[in-house]
Amino acid sequence: MNYRSFTKEGKKFNEDDVYVDSKNRFGFIIDGATGLLKEHIALNYDSDAQWYSHTLKKFLINNLPNASKSIKQIIKEAIIYLNKQYNAFENSQNIVSKPSAGIAVFRVVGKKIEYFILGDCSLIVKYKNNRVLHLKLNDLTRLDNININKMKVIAKKKNIDVVDARPYINDDLLKTRLMQNTKNGYWILSDNIEAVNYAKTGYLDAEKVFHIVGLTDGFSQIIDLFGLYNKKTLLEKIEQSVSLQDLYNELYDMQEKDNKCNKFPRFKCRDDASIFSALI
């Protein structure tokens, strides 16, 4: 029960991935970005984003146990590897928007906990003295909020539900997506190794840390959108051995109650949702 994980698709298939390893003491969460142009060349998968997150997962499982390399170095090698694999697919040269993913990783190395965060995944860290630290980046969230506000304006103007305003901002979403890995946009795992230089990275004192939880933005709605819990109470709930499935069910029910996205504006009723919990 010390290391647990859960993932659930938002619609027909899941573009998230999650993994925790109690033996080697690491964990990560991956949020593949749904394609906006219906581009699909990784035909053995439901989407190119799903291929990206699943292939990245396998690479990290094989390479994170190697403590002689930093997570940053391993992620750089992963980007190079995935780019080579993707470019081997037929018609890869015609792809306008290559697959991408957000990620949050932790790894216990000796008396330190190393972490790496890119995109809108996050880590919540609870110390033994009950202090809570939320490790995350805000560049993509800031751009998403701009586009969500556009949906709210359109919905009000056209007298429609917020969720039905989503098709009217397709061009805005594509413009945002094409700003990935640029200084005026946001940084994310894709085909540009420079992105790792903009990740949130660092080390924590392992002897002082009690609990680490990783969340994709689809699951973090439970705290930052619907407010069912705050960071501290969410971790306390998990520490009380409440199942991650039960927590997801609470989130699901809230999403259903606002399935038109009017009270809690967002791009869609629900996203893929993933979480891991590691009691250090």
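Note that this is a predicted model, so its numbers are computed, not measured.

## Focus on the overall build of the protein
- Counting its secondary structure elements, the protein contains seven helices and ten strands.
- Taken along its principal axes, the extent of the C-alpha atoms in the protein is 55 × 45 × 35 Å.
- Buried positions account for 50% of the 280 residues belonging to the protein.
- Counted over contacts in the protein with a minimum sequence separation of 6, partners at least 24 positions apart contribute 69%.
- By element, 46% of the accessible surface of the protein is carried by carbon and sulfur atoms, the whole surface being about 13,500 Å².
- If you average the places of the 42 positive and of the 34 negative side-chain charges in the protein, the two averages end up 5 Å apart.

## Structural notes on the nonpolar core
- One finds Leu56, Leu60, Ile75, Ile103, Phe116 and Leu118 to be the most contacted residues of the largest nonpolar core, which totals 30 residues.
- Every element with two or more residues in this core is listed here: β3 (26–32), α1 (48–63), α2 (71–87), β4 (101–109) and β5 (112–118).
- For this core, the element with the highest residue contribution is α2, accounting for seven residues.

## Details of the sheet that holds β3
- Read from one edge to the other, the open sheet built from five strands follows the order β2-β3-β4-β5-β8, with strand pairing classed as antiparallel. Two strands lie at the open edges of the sheet, namely β2 (16–21) and β8 (200–205), each paired on one side alone. The average undirected angle you get between the axes of adjacent strands in this sheet is 5°.
- Sheet analysis places β3 next to β4, joined by seven bridges and oriented antiparallel. Paired with glycine 32 across the two strands is alanine 101, which belongs to β4.
- On the sheet, α2 packs against β4 and β5 and is oriented at approximately 40° with respect to β5.

## Side note on the side chain of aspartate 31
- Here aspartate 31 is to be found in strand β3.
- The side chain of aspartate 31 is buried and forms no salt bridge, while lysine 268, the nearest opposite charge, is found at 7.9 Å.

## Some details on the environment of leucine 135
- Tracing the backbone through its elements, the reader meets leucine 135 in strand β7 (residues 132–135).
- The exposure class of leucine 135 is buried, given its relative accessible area of 6%.
- Put simply, leucine 135 and alanine 155 are 20 residues apart on the chain and 33 Å apart in space, counted from C-alpha to C-alpha.
- If we ignore the near neighbours within four places in the chain, the residues touching leucine 135 are Tyr115, Ile117, Ser122, Leu123, Val125 and Lys200.

## Quick word on the pattern of salt bridges
- This structure, assessed with the given rule, holds eleven salt bridges.
- For glutamate 239, the salt bridge is made with lysine 126, and the minimal N-O distance between the two is 2.9 Å. Placement of glutamate 239 in helix α6 (residues 231–239) and of lysine 126 in strand β6 (residues 122–127) is noted, with a sequence separation of 113 residues between them.
- Judged by relative accessible area, glutamate 239 falls into the partly exposed class, the value being 24%.

## Concerning unusual backbone geometry
- Phi angles above zero are rare outside glycine, and asparagine 91 is one such case at about 75°.
- Accessibility expressed as a relative area gives 39% for asparagine 91, which makes it partly exposed.
- A positive phi angle, close to 60°, is found at asparagine 159, a residue other than glycine.
- Along the chain, asparagine 159 turns up in the loop between α3 (139–158) and α4 (170–177).
- Under the relative-accessibility criterion, asparagine 159 is labelled exposed at 70%.

## A closer look at empty space enclosed by the protein
- What the rule picks out here adds up to one cavity of 30 Å³ or more.
- Volume-wise, the largest cavity comes out at about 50 Å³.
- Lining the largest cavity, in full, are Trp51, Tyr52, Ile79, Leu82, Asn83, Tyr86, Lys98, Pro99, Ser190 and Asp191.
- At the level of elements, α1 and α2 are the ones that each hand at least two residues to the lining of the largest cavity.
- It is α2 that provides the largest number of residues to the lining of the largest cavity, a total of four residues.

Cut-offs and rules
Residues numbered from 1 in each chain as written. Predicted model: local features only at pLDDT ≥ 70, side-chain atom pairs only at ≥ 80, totals over all residues. Heavy atoms only, no water. Helix = DSSP H or I, 4+ residues; strand = E, 2+ residues; numbered from the N terminus. Buried < 20%, exposed > 50% of the residue type's maximum accessible area, 1.4 Å probe, protein only. Contact = heavy atoms within 4.5 Å. Areas by Shrake-Rupley, 256 points an atom, 1.4 Å probe, with all protein chains shown as cover. Lys, Arg positive; Asp, Glu negative; His and termini not counted. Charge placed at Lys NZ, Arg CZ, Asp CG, Glu CD. Core = buried A, V, L, I, M, F, W, Y, C linked by side-chain atoms within 4.5 Å. Pairing = 2+ DSSP bridges. Axes fitted to C-alpha atoms, helices over the stretch in contact; angles between N-to-C directions. Salt bridge = Lys/Arg side-chain N within 4 Å of Asp/Glu carboxyl O. 1 Å grid on protein atoms, 1.4 Å probe; cavity = no way out; pocket = protein on both sides within 12 Å on 5 of 7 lines; lining within 4 Å. Points joined across faces, edges and corners; volume = space filled by probe spheres on them.

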